[in-house]
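A closer look at the structure
What follows is each chain in one-letter form.
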Amino acid sequence: AQTVTQSQPEMSVQEAETVTLSCTYDTSESDYYLFWYKQPPSRQMILVIRQEAYKQQNATENRFSVNFQKAAKSFSLKISDSQLGDAAMYFCASNRDDKIIFGKGTRLHILP
Amino acid sequence: NAGVMQNPRHLVRRRGQEARLRCSPMKGHSHVYWYRQLPEEGLKFMVYLQKENIIDESGMPKERFSAEFPKEGPSILRIQQVVRGDSAAYFCASSQRTTNTGELFFGEGSRLTVL
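Our subject in this report is the structure included herewith. (Residues numbered from 1 in each chain as written. Chains lettered and ligands numbered in written order. Predicted model: local features only at pLDDT ≥ 70, side-chain atom pairs only at ≥ 80, totals over all residues. Heavy atoms only, no water.)

1. Comments concerning the pairing of strand β9 (residues 88-95) of chain B
All names here are of chain B. Most of β9 sits inside the fold, with eight of its eight residues counted as buried. Neither face of β9 is open: one carries Ala88, Tyr90, Cys92 and Ser94, the other Ala89, Phe91, Ala93 and Ser95, and all of them are buried. Sheet analysis places strand β4 (residues 31-37) next to β9, joined by seven bridges and oriented antiparallel. Bridge pairing in β9 places Gln37 opposite Ala89. Taken together, the three bridges between β9 and strand β11 (residues 110-114) define a ladder with antiparallel strand orientation. Note that in β11 the partner of Ala89 across the bridge is Arg111. Examined bridge by bridge, β9 and strand β10 (residues 105-106) share two bridges and lie antiparallel to one another. By the bridge assignment for β10, Ser94 is matched with Phe105. (Buried < 20%, exposed > 50% of the residue type's maximum accessible area, 1.4 Å probe, protein only. Helix = DSSP H or I, 4+ residues; strand = E, 2+ residues; numbered from the N terminus. Pairing = 2+ DSSP bridges.)

Printed below as a string of structure tokens:
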């Protein structure tokens with residue numbers, strides 16, 4: 001069965017600093033997508049960044065970037081210049097067949 | 001361009017009652033997904049529907065739960081004879097096509113509380 005594992009239930013980072021959230025996954029697919037979703041306190045999930053497995057170049061979206069290590073099945077999210085608005089639950093996810101499978105999430109606290 | 005609309009946002013039911021949760025996908029989206037989120041847990045896939053068809057219900061409990069996405073109107077997640085363990089946030093998401101390449105657009109969720 002395909003799984004997505006986030007080993008950090010909670011993390012804290014000082015405002016303006018950089019933080020990295022970890023994620024590992026397990027899949028038997030040769031081609032797949034990986035995602036990071038953000039769930040702010042308002043609870044609506046928002047896609048932060050997406051990585052196509054066949055692309056070697058790490059995806060980047062403004063202050064958000066990923067470190068995709070395909071052989072290690074690792075997909076970490078780096079947030080640079082952390083802002084108060086970044087405080088949220090972050091979910092790593094992967095597609096399997098016709099659906100997206102989520103990890104249990106990492107709660108990120110931003111310290112002013 | 002309205003996003004994914006879910007209602008009610010909050011629903012309280014007593015054990016044994018029925019809960020109906022509605023989801024209107026984004027305009028132009030014909031794929032709907034339902035997920036359940038327990039406190040401090042990730043989202044658990046329940047069911048994937050296209051108009052008038054259930055494509056994948058592998059995450060749906062075998063009893064008391066059903067879902068539909070009629071030709072006209074919103075998708076409905078129905079829970080019969082609710083129990084306390086059904087208390088959770090239920091999220092609907094929609095997409096234009098299957099999730100293999102596309103992103104999901106989520107609603108704000110419906111929080112069900114069973115007394």
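What follows continues from the structure just given.
2. A short note on the state of the cysteines
Counted by the stated rule, this structure contains two disulfides over all chains. Disulfide pairing is shown between Cys23(A) and Cys92(A); the S-S distance is 2.0 Å. Torsion about the S-S bond of the Cys23(A) and Cys92(A) cystine: about -70 degrees, corresponding to left-handed handedness. Taken together, the residues Cys23(A) in the loop between β3 (19-21) and β4 (24-26) and Cys92(A) in strand β10 (residues 88-96) connect sequence positions 69 residues apart. For the pair shown, Cys23(A) and Cys92(A) are each scored as buried. One disulfide bridge connects Cys23(B) with Cys92(B), the sulfur atoms lying 1.8 Å from each other. Judged by the sign of its S-S torsion, about -55 degrees, the cystine formed by Cys23(B) and Cys92(B) is left-handed. Here Cys92(B) lies in strand β9 and Cys23(B) lies in strand β3 (residues 19-24), a separation of 69 residues in the sequence. An identical accessibility class is assigned to Cys23(B) and Cys92(B); each is buried. (Disulfide = S-S within 2.5 Å.)

3. Re unusual backbone geometry
Across residues other than glycine, the phi torsion is negative in most instances, and most of the peptide bonds are trans. The omega torsion of the bond from Asn7(B) to Pro8(B) falls at -5 degrees, within 30 degrees of zero and hence cis. Its place among the elements puts Pro8(B) in the loop between β1 (5-7) and β2 (10-13). Even without being a glycine, Asp81(A) presents a positive backbone phi close to 50 degrees. The topology assignment puts Asp81(A) in the loop between β9 (74-79) and β10. Its identity as a non-glycine residue notwithstanding, Arg64(B) has a phi of 75 degrees, on the positive side. Along the chain, the position of Arg64(B) falls in the loop between β6 (53-56) and β7 (65-68). Using a relative accessible area of 24% as the deciding quantity, one classes Arg64(B) as partly exposed.

4. With respect to the environment of Val82(B)
All names here are of chain B. Note that Val82 resides in the loop between β8 (75-79) and β9. Since its relative accessible area comes to 1%, Val82 is described here as buried. For the pair formed by Val82 and Ser58, sequence separation is 24 residues and the distance between their alpha carbons is 20 Å. With residues up to four places along the chain from it excluded, the contact list for Val82 reads Arg13, Arg14, Arg15, Gly16, Gln17, Ala19, Arg64 and Val114. (Contact = heavy atoms within 4.5 Å.)

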